[in-house]
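The primary structure of each chain is shown beneath.
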Amino acid sequence: MSVGASNPEYVNARVRSRRASLFADEDYRKLIRMGPSEIARFMEETEYEREINALGARFSGVDLIEYALNQNLAKHFHDLLDWSKGRLYDLISRYLRKFDVWNLKTIIRGIYTDTDAEDIRTDLIMAGELEESTIDRLLEADEIEDAVEMLNRTIYYDPLTSAFEEFEETGALVALENALDREFYEHLLEDISRGPGDEPQEGPEAKYVEFLQAEIDFRNARNALRLARSGADLDPASYYIEGGVLFDQSELSRLVGDYDALVDHIGENRRYGDRLSGAMDRLRDADSLIQFEHALDAALLEYADTLSSIYPASISAVLSYILAKEREVENIRAIARGREVGLSESEIEEELVIL
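Attention in this report is confined to the structure presented alongside it. (Residues numbered from 1 in each chain as written. Predicted model: local features only at pLDDT ≥ 70, side-chain atom pairs only at ≥ 80, totals over all residues. Heavy atoms only, no water.)

### Quick notes on the pattern of salt bridges
To keep things clear, this is the line we draw: Only one rule defines a salt bridge in this text: a Lys or Arg side-chain nitrogen within 4 Å of an Asp or Glu carboxyl oxygen. Under the DSSP-based scheme used, a helix requires at least four consecutive residues in state H or I and a strand at least two consecutive residues in state E, with every element numbered from the N terminus. Exposure is judged per residue with a 1.4 Å probe applied to protein chains only, and the accessible area is read against the type maximum: over 50% gives exposed, under 20% gives buried, and values in between give partly exposed.
Inspection of the entire model under this criterion finds 19 salt bridges. A salt bridge links Arg-18 to Asp-79, with the shortest nitrogen-to-oxygen separation between them at 2.9 Å. Of the two residues, Arg-18 sits in helix α1 (residues 8-20) while Asp-79 sits in helix α5 (residues 61-83), which places them 61 residues apart along the sequence. On the basis of relative accessibility, which here comes to 17%, the residue Asp-79 falls in the buried class.

Set out below in structure tokens:
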């Protein structure tokens, strides 16, 4: 753990500058009307210039866009760590492990679908703690079991090993993916001081925990609805992630079969209902799983923005920026892929998280 004083004022000032350069919703609407080569040229006129120019000799089209997006994202998040000191560094670095989880899920899915290693690599985001050499070895694995064994010196080995038997029985990756999510969130909330009722003590970490609780709540809601609509004979309670405030296991199992009740349950919680009026309307209007998931993403971003505006000296502004930068990358990626496969403008817009 890092020692010394945190420096949130300095980091938040740098983050506000970076946040101002993010794409606006109008930029996405422009990109929707472009082909992949036009999108790459548009990006070259933005803060993605360095990555587009550096990668342009080796890649083109959607591959160029994807590699540039992922390299830029990793650069920005490594910058966050370079700027941060003390406890702030610890909190940010443990949150950025989400990209280790992203990469492991991506590799496991790739092995499962027998995807070429270089195609898997296109989707990886090197912003976590796993070393590149470990990622390279994982990409060489032919079987998921071999990949799990390669992680035997990491925090992910035990949960993946425990989940592997269920994966073999069901053939569903959800067991392995949920094991990674659980491990990530459990470590996020380790050694954070708590007050009565499992709330954090007042101070810089309080808003960090409040944000994480919201992310866990929305992850539980997302997972429950995915399981309910998958048709698989799986109990949502067995995939419940501890640490949120919105559900317990029995509530999640009860609500998963009733979409309206699930959304109402989120809205009736004062913490979310009072701060997410616009996002709640989008949740109620969602008529597909993808729209519901995008609405949850928008709700979490709106919630982080609200915490950031109320508590400007906390880590909330950093977390809000991380989500906003992820949203930018995912939106550009979705547009480029949509244009490549010939989706209509309206179909692509449905894939975007636009506030």
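### Looking at the packing of aromatic side chains
Under the convention used in this document: Put simply, two rings from Phe, Tyr or Trp (the six-membered ring, in Trp's case) pair if the centres are within 6.5 Å, and we call them stacked under 30 degrees between planes, edge-to-face over 60, tilted for the rest.
Applying the stated rule across the entire model yields 13 aromatic pairs. Centre to centre, the rings of Phe-77 and Tyr-321 are 6.5 Å apart; their planes meet at 90°, and the pair counts as edge-to-face. Placement of Phe-77 in helix α5 and of Tyr-321 in helix α19 (residues 316-340) is noted, with a sequence separation of 244 residues between them. As far as burial versus exposure is concerned, Phe-77 and Tyr-321 are alike and both buried.

### Things to note about the layout of surface pockets
Stated formally: Grid points spaced at 1 Å and placed over the protein atoms alone form the basis of the search, with a cavity being a set where a 1.4 Å probe fits but cannot get out and a pocket an open set showing protein on both sides within 12 Å along at least five of seven lines. Lining residues have an atom within 4 Å of a point. Grid points are joined across faces, edges and corners, and a volume is the space filled by probe spheres set on the points. Asp, Glu, Lys and Arg are counted as charged, while Ala, Val, Leu, Ile, Met, Phe, Trp, Tyr, Cys and Pro are counted as nonpolar; the rest, among them Gly, fall into the polar class.
Considering only enclosed or pocket space, the largest pocket measures out at about 1,600 Å³ in volume. What lines the largest pocket is a set of 44 residues, among which Trp-102, Arg-219, Arg-222, Arg-226 and Asp-297 lie closest to the centre. Mapped by element, the contributors of at least two residues to the lining of the largest pocket are α7 (98-112), α12 (174-188), α13 (204-230), α18 (289-310) and α19. Of the residues assigned to the lining of the largest pocket, the class counts are 20 nonpolar, six polar and 18 charged.

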